[in-house]
Amino acid sequence: MEKPVGLDATPVDAKANVLRQFRIVFGAVRSHFKQIEKLVGLGGAQVWALSVVQKNPGLSLGELARRLDVHQSTASNLIKVLTTKGLVQMEKDTLDKRQLHLNVTDQAVRLLAQVPGPVEGLLPHALARLPQSSLETLQEELSALIKVLKADESAAGIPLAEL
């Protein structure tokens with residue numbers, strides 16, 4: 001059987017090649033987040049939250065958390081920053097005053113127009129483009145890796161931009 005070849009065509013073992021692949025993925029994600037922050041002064045998670053609110057006027061905080069796949073307290077913290085910066089407005093529901101509806105401001109619309117895509121982040125965008133069978137295989141293999149790492153799975157609800 002042939003020995004696996006690394007990204008530079010040098011024979012390497014599989015674990016070294018996978019490690020290199022993780023470096024490439026993390027580097028691309030980090031570079032994208034840095035580019036966004038440099039251009040608009042917001043972190044990647046904040047930009048993603050802002051774009052979700054823009055696409056869904058009147059969205060509730062709970063629904064935002066669900067769409068970002070984060071804990072509601074994380075979504076709340078993101079919205080606090082965006083509200084303080086004048087990018088999101090919160091309006092109380094006319095019937096249930098405990099319910100808040102989120103809307104972007106004109107300033108947010110102008111800011112989002114400057115953001116290089118994908119606004120949801122490089123990795124979620126790339127994952128959405130993979131075939132279902134690849135996603136299922138990747139999920140199984142990463143689950144095995146997480147088990148071997150004995151990793152704290154509570155990090156699953158933290159946006160990549162905040163890790």
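A brief report on the enclosed structure follows. All figures in this text were calculated on a predicted structure; none of them were measured in a lab.

About the cut-offs
- Residues numbered from 1 in each chain as written.
- Predicted model: local features only at pLDDT ≥ 70, side-chain atom pairs only at ≥ 80, totals over all residues.
- Heavy atoms only, no water.
- Helix = DSSP H or I, 4+ residues; strand = E, 2+ residues; numbered from the N terminus.
- Buried < 20%, exposed > 50% of the residue type's maximum accessible area, 1.4 Å probe, protein only.
- Polar contact = N/O pair within 3.5 Å; in protein donor to acceptor, adjacent residues only side chain to side chain.
- Contact = heavy atoms within 4.5 Å.
- Core = buried A, V, L, I, M, F, W, Y, C linked by side-chain atoms within 4.5 Å.
- Expected span 1.5 Å × (residues − 1).

## What about unusual backbone geometry?
A cis amide bond links G117 to the next residue, P118, at an omega of -5 degrees. Turning to its location among the elements, P118 is positioned in the loop between α5 (106-114) and α6 (122-129). Phi at D69 takes a positive value of approximately 60 degrees, unusual for a residue other than glycine. For D69, the location among the structural elements is in the loop between α3 (61-68) and α4 (72-84).

## What about the side chain of S51?
By secondary structure assignment, the location of S51 is in helix α2 (residues 44-55). The exposure class assigned to S51 is buried, which follows from its relative accessible area of 3%. One polar contact links the side chain of S51 to the main-chain carbonyl oxygen of W48, over a distance of 2.8 Å. With residues up to four places along the chain from it excluded, the contact list for S51 reads L112 and V119.

## Digging into the nonpolar core
One finds L42, V47, L50, L64, I79, L82 and V115 to be the most contacted residues of the largest nonpolar core, which totals 28 residues. Elements represented by at least two residues in this core include exactly α1 (14-40), α2, α3, α4, β2 (100-104) and α5. Broken down by element, the residue count for this core peaks at 6 residues, all from α2. Among residues more than four places away in sequence, those in contact with L82 are L42, Q46, A49, L50, L87 and V88.

## Structural notes on α1
Given a rise of 1.5 Å per residue, 27 residues ought to cover 39 Å, and the 39 Å separating the end C-alpha atoms of α1 matches this to within 8%. Residues of α1 that are buried: N17, V29, H32, F33, I36 and V40. In this structure, the buried side of α1 is in contact with α2, α5 and α6.

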